Amino acid sequence: MARRLNIPGLVNLLEVSDAREIRQLDAEPNIDRHLAPAGGLINRLRLARLRQAFVFDSEPLPALLAREAEGRESRHAELGRRLDERAEAAAWRQDPAFKTLVEAVAGQAEAEALGPAAQGLLGRLFHDDYYADQESYAAAQLLNAYPRINVLRALGQRFTGRLGRARRLLAERARSEPLALHATGIAVHNLVASLAAMRELAASPQAHGLTLPAVMGRTLSAPETLLRRVRRPLSTPCAPRRLEPDDLVVLRLADAARGSGDRDLAFMRQSWARCPAQDFILALLAAVWEQAMAVRQGGRGA
């Protein structure tokens, strides 16, 4: 059920957690990603938080680029081809981080190892010498959470320099490459959440009787929310009142995926903003699960 919140001069937004409505609104050309300050005070604060976290050298990370942003579509397609090739080649199986992920899912390594290992593996898709550790993963966690924390905590992180230090560390590790920054600062968290769910499932009595699709259905993690902005007046069955320019639309993907069991929401497969890493992530998760099950059964594993 969509929820409209409209207090003139303060906040104007629509929250949607129904899978069908999310797809309908995402396909609407009058709704897009745009970070310029506009709308009521709370709208402006939300957009400002995104800029403070995810704009590097005046360039938004790929997940925040508008539909018609110059070069977005071609870079998106090129990254998809690159990652599809990586998925097929499966060279990442030789990365030491892959073994760590298998051991953590199998319960033979601490859960805390998942974050740095996943970040390192993703980072090395872009730079062979990418180095991840607890410090870099903590920086990614801080960056990812920053747009959603309360105002006082956000102010504290800015004025104590914590946000700036996290951004500098992530940029340094990724060599300031936007795609690498996106993978290691934002996308990594959905991968880690999926792996953590796999670890919990692997320890359950029913784990060995599950098919791979069933495992994916239970463990695949979708982003919590996607934020969109209304460009032109829009009447839609998803909203009780007409949406006006600069209204924000919050697509609650994780809630929708849990409520519908729709696995495709994790990657927005049919969307203009679909995740180009879908095949790679699914191949990686499948390999980790299979190896982890072999380890738990006393097999050779990774």
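Structural data are supplied above this passage.
Residues numbered from 1 in each chain as written. Predicted model: local features only at pLDDT ≥ 70, side-chain atom pairs only at ≥ 80, totals over all residues. Heavy atoms only, no water.

Chemist: Looking at this structure, how should I read the overall build of the chain?
Modeler: Helices and strands together make up the secondary structure of the chain, namely 12 helices and seven strands. Here the C-alpha atoms of the chain give a radius of gyration of 20 Å, agreeing with the 19 Å that 2.2 N^0.38 yields for 302 residues. When its C-alpha atoms are laid out on the principal axes, the chain stretches across 60 × 40 × 40 Å. Split into buried and exposed, the 302 residues of the chain put 51% on the buried side. Here the chain displays about 14600 Å² of accessible surface, and carbon together with sulfur accounts for 51% of that area. (Helix = DSSP H or I, 4+ residues; strand = E, 2+ residues; numbered from the N terminus. Rg over C-alpha atoms; globule rule 2.2 N^0.38 Å. Buried < 20%, exposed > 50% of the residue type's maximum accessible area, 1.4 Å probe, protein only. Areas by Shrake-Rupley, 256 points an atom, 1.4 Å probe, with all protein chains shown as cover.)

Chemist: Would you explain helix 8 (residues 162-173) in this entry?
Modeler: Note: α-helices contain 3.6 residues per turn, so residues at a spacing of three or four share the same orientation. For helix 8, with 12 residues, the first-to-last C-alpha span of 17 Å sits near the 16 Å given by 1.5 Å per residue. Turning to helix 8, its buried residues number three or more, namely Leu163, Ala166, Arg167, Leu169, Leu170, Ala171 and Arg173. Against the buried residues of helix 8 lie helix 2 (41-54), strand 4 (55-56), helix 5 (114-123), helix 6 (134-145), helix 7 (151-159) and helix 9 (178-202). Of the residues flanking the end of helix 8, it is Arg175, one or two places downstream, whose phi is positive at about 55 degrees. (Expected span 1.5 Å × (residues − 1). Contact = heavy atoms within 4.5 Å.)

Chemist: What exactly am I supposed to notice about the packing of helix 4 (residues 96-106) against helix 5 here?
Modeler: The geometry of a pair of packed helices is captured by two quantities: the angle between their axes and the separation between those axes. Put simply, helix 4 and helix 5 touch, their axes get as near as 9 Å, and they point 150 degrees apart. By the angle between their axes, helix 4 is roughly antiparallel relative to helix 5. The element helix 4 and its partner helix 5 pack so that their crossing is left-handed. Here Ala97, Phe98, Thr100, Leu101, Ala104 and Val105 of helix 4 come into contact with helix 5, specifically with Leu114, Ala117, Ala118 and Leu121. Residue composition of the contact of helix 4 with helix 5, grouped by class: nine nonpolar, one polar and no charged. (Axes fitted to C-alpha atoms, helices over the stretch in contact; angles between N-to-C directions. Parallel < 35°, antiparallel > 145°, perpendicular 65-115°, else oblique. Left-handed = near helix turned anticlockwise from the far one by under 90°. Nonpolar A, V, L, I, M, F, W, Y, C, P; charged D, E, K, R; others polar.)

Chemist: Can you walk me through the packing of aromatic side chains in this structure?
Modeler: Two measures describe an aromatic ring pair: the distance that separates the ring centres and the angle between the ring planes. Enumeration over the complete set of coordinates arrives at two aromatic pairs. Aromatic side chains Trp92 and Phe98 sit 5.6 Å apart centroid to centroid with 65 degrees between the ring planes, which places their arrangement in the edge-to-face category. For the pair formed by Trp92 and Phe98, the shared burial category is buried. For Trp92, a relative accessible area of 6% translates into the label buried. Grouping aromatic residues by their ring pairs yields a cluster made of Trp92, Phe98 and Phe280. Stacked on the ring of Tyr146, the Lys or Arg Arg49 has its end atom at 5.5 Å from the ring centre. A cation over an aromatic ring shows up here: Arg158 above the ring of Phe159, its NZ or CZ 5.9 Å from the ring centre. (Phe/Tyr/Trp six-rings, centres within 6.5 Å; stacked < 30°, edge-to-face > 60°. Lys NZ or Arg CZ within 6 Å of the ring centre and 35° of its normal.)

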